[in-house]
Amino acid sequence: MSAALQIKDLRKEYRRGVPVLQGISLEIAPRGVTAIIGPSGTGKSTLIRCINRLVEPTSGSILFEGRDLTRLNARELRLARRQIGMVFQEYNLVERLTVMENLLTGRLGYVSAFNAWLRRYPPADIERAFALLDEVGLGGFARQRADSLSGGQRQRVGIARAIMQEPRLLLADEPTSSLDPKTSVEIMDLLRDAAARHGIPVLVNMHDVDLARRFADRIIGMSGGQVVFDGPPAQLSDDRLREIYGGEGWLQ
Ligand code: ADP
Ligand code: MG
């Protein structure tokens, strides 16, 4: 099966001569959950953000649907981005809008600027939004404002909004880091199941190793801007964790 995403020798320097990503090469399969773990500051968010070019890569290539994302012009990038859903740690909802309106923003890449300005969406989009709200356990919440929701509910909206885009890849940057442990498990469950149901591969950054082990099909360990582990959760031994995180004392 061909990869959904092929990253080749990706490098990023925010400041010249200070590499944050030191030549990352990865292939992401068209299904399943791939978790990226690693110490804070090691480049996990930078890697995720290079894929949708919220961060500009310094060099290397990122092949998605047969095209190199690093070489797209503004218009091509806009089209590519609607195929890449993103879920954020802080949800990134429009707080004063309703849940339904937030979901529909996932369709903005598809409607004309004029209709977007009038907030006019095709009925099919609205039906899809209602179906997705049910799917993420928020049936009946369509008219509630985002700012009235709990963190877990907000992230459910975040996931539904990303899937509204009909993406071919879902990126998530620490989607549970603002949530309590029980809600984190519920959100990871939802993310995994929703992605599987819609046939979308997920690439997710997380700092919770246990959660990554529990939900990922594949774990990528990063350290110092490089991949130092890549394998199924069962192969992530304490020795490998020490390689990723360094030090000894924190492992019991
Ligand atoms: P992680 O997500 O693993 O914690 P990041 O990708 O956020 O790591 O950061 C990796 C390194 O890049 C850190 O040293 C961070 O300070 C630096 N960095 C991240 N974003 C920027 C930026 N916009 N400008 C300059 N340096 C940055
Ligand atoms: Mg980060």
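Refer to the preceding data block for the structure.
Below or above, wherever it landed, is the structure these notes cover. (Residues numbered from 1 in each chain as written. Chains lettered and ligands numbered in written order. Predicted model: local features only at pLDDT ≥ 70, side-chain atom pairs only at ≥ 80, totals over all residues. Heavy atoms only, no water.)

Some words on the sheet that holds strand β10 (residues 226-231)
Alright, step 1. With mixed pairing, six strands are arranged side by side in an open sheet as β6-β7-β8-β3-β9-β10. What marks the edges here is a single partner per strand, and that holds for β6 (84-88) and β10. On average, each strand axis in the sheet is tilted by 20° relative to the strand beside it, whichever way the strands run.
Alright, step 2. Note: β6 against strand β7 (residues 169-173), five bridges, orientation parallel. Residue Val87 lies in a different strand from β7, and its bridge partner there is Ala172. (Pairing = 2+ DSSP bridges. Helix = DSSP H or I, 4+ residues; strand = E, 2+ residues; numbered from the N terminus. Axes fitted to C-alpha atoms, helices over the stretch in contact; angles between N-to-C directions.)

What to know about the nonpolar core
Alright, step 1. One finds Ile37, Leu103, Met206 and Leu236 to be the most contacted residues of the largest nonpolar core, which totals 52 residues.
Alright, step 2. A per-element tally of this core places helix α7 (residues 181-198) first, with seven residues.
Alright, step 3. With residues near it in sequence (within four places) discarded, Leu236 still touches Ile37, Val209, Arg213, Ile219, Phe229, Leu241 and Ile244.
Alright, step 4. Counting residues in each nonpolar core, the second largest holds 27 residues, with Leu10, Ile24, Met86 and Leu171 among its members. (Core = buried A, V, L, I, M, F, W, Y, C linked by side-chain atoms within 4.5 Å. Buried < 20%, exposed > 50% of the residue type's maximum accessible area, 1.4 Å probe, protein only. Contact = heavy atoms within 4.5 Å.)

Overview of the site of ligand 1
Alright, step 1. Around ligand 1 sit Tyr14, Val20, Pro39, Ser40, Gly41, Thr42, Gly43, Lys44, Ser45 and Thr46, and those are all the residues in its vicinity.
Alright, step 2. In the model, an oxygen atom of ligand 1 is placed 2.9 Å from a nitrogen or oxygen of the Lys44 side chain.
Alright, step 3. Taking Thr46, its side chain carries an N or O atom lying 2.5 Å from an oxygen atom of ligand 1.
Alright, step 4. Considered on its own, ligand 1 offers 560 Å² of accessible surface; in the complex 53% of this is hidden by protein.
Alright, step 5. Tallying contributions element by element places helix α1 (residues 44-51) first for the shell around ligand 1, with three residues. (Near = heavy atom within 4 Å. Polar contact = N/O pair within 3.5 Å; in protein donor to acceptor, adjacent residues only side chain to side chain. Areas by Shrake-Rupley, 256 points an atom, 1.4 Å probe, with all protein chains shown as cover.)

Looking at the pairing of strand β4 (residues 59-64)
Remark: a regular strand shows side chains that alternate across the two faces of the sheet.
Alright, step 1. The pairing of strand β1 (residues 5-15) with β4 spans five bridges and is classified as antiparallel. Directly across from Gln6, in β4, lies its bridge partner Leu63.
Alright, step 2. Where β4 lies against strand β5 (residues 67-68), two bridges are found, and the strand directions are antiparallel. If you follow Phe64 over to β5, its bridge partner there is Arg67.
Alright, step 3. The antiparallel pairing of β4 with β5 creates a hairpin that spans two residues between the two strands, and Glu65 there sits at a positive phi of about 55°.

Structural notes on the sheet that holds β5
By way of backbone hydrogen bonds, the strands of a sheet pair with one another, either parallel or antiparallel.
Alright, step 1. Strands sit in the order β2-β1-β4-β5 across an open sheet of four strands; the sheet is antiparallel. Only two strands of the sheet have a single neighbouring strand rather than two, namely β2 (18-28) and β5.

Some remarks on the packing of aromatic side chains
Alright, step 1. Under the counting rule described, the total for this entry stands at zero aromatic pairs.
Alright, step 2. Above the face of the Tyr14 ring, Lys12 is positioned so that its terminal group lies 4.9 Å from the ring centre.
Alright, step 3. The aromatic ring of Tyr110 is capped on one face by Arg107, whose charged end is 4.1 Å from the ring centroid. (Phe/Tyr/Trp six-rings, centres within 6.5 Å; stacked < 30°, edge-to-face > 60°. Lys NZ or Arg CZ within 6 Å of the ring centre and 35° of its normal.)

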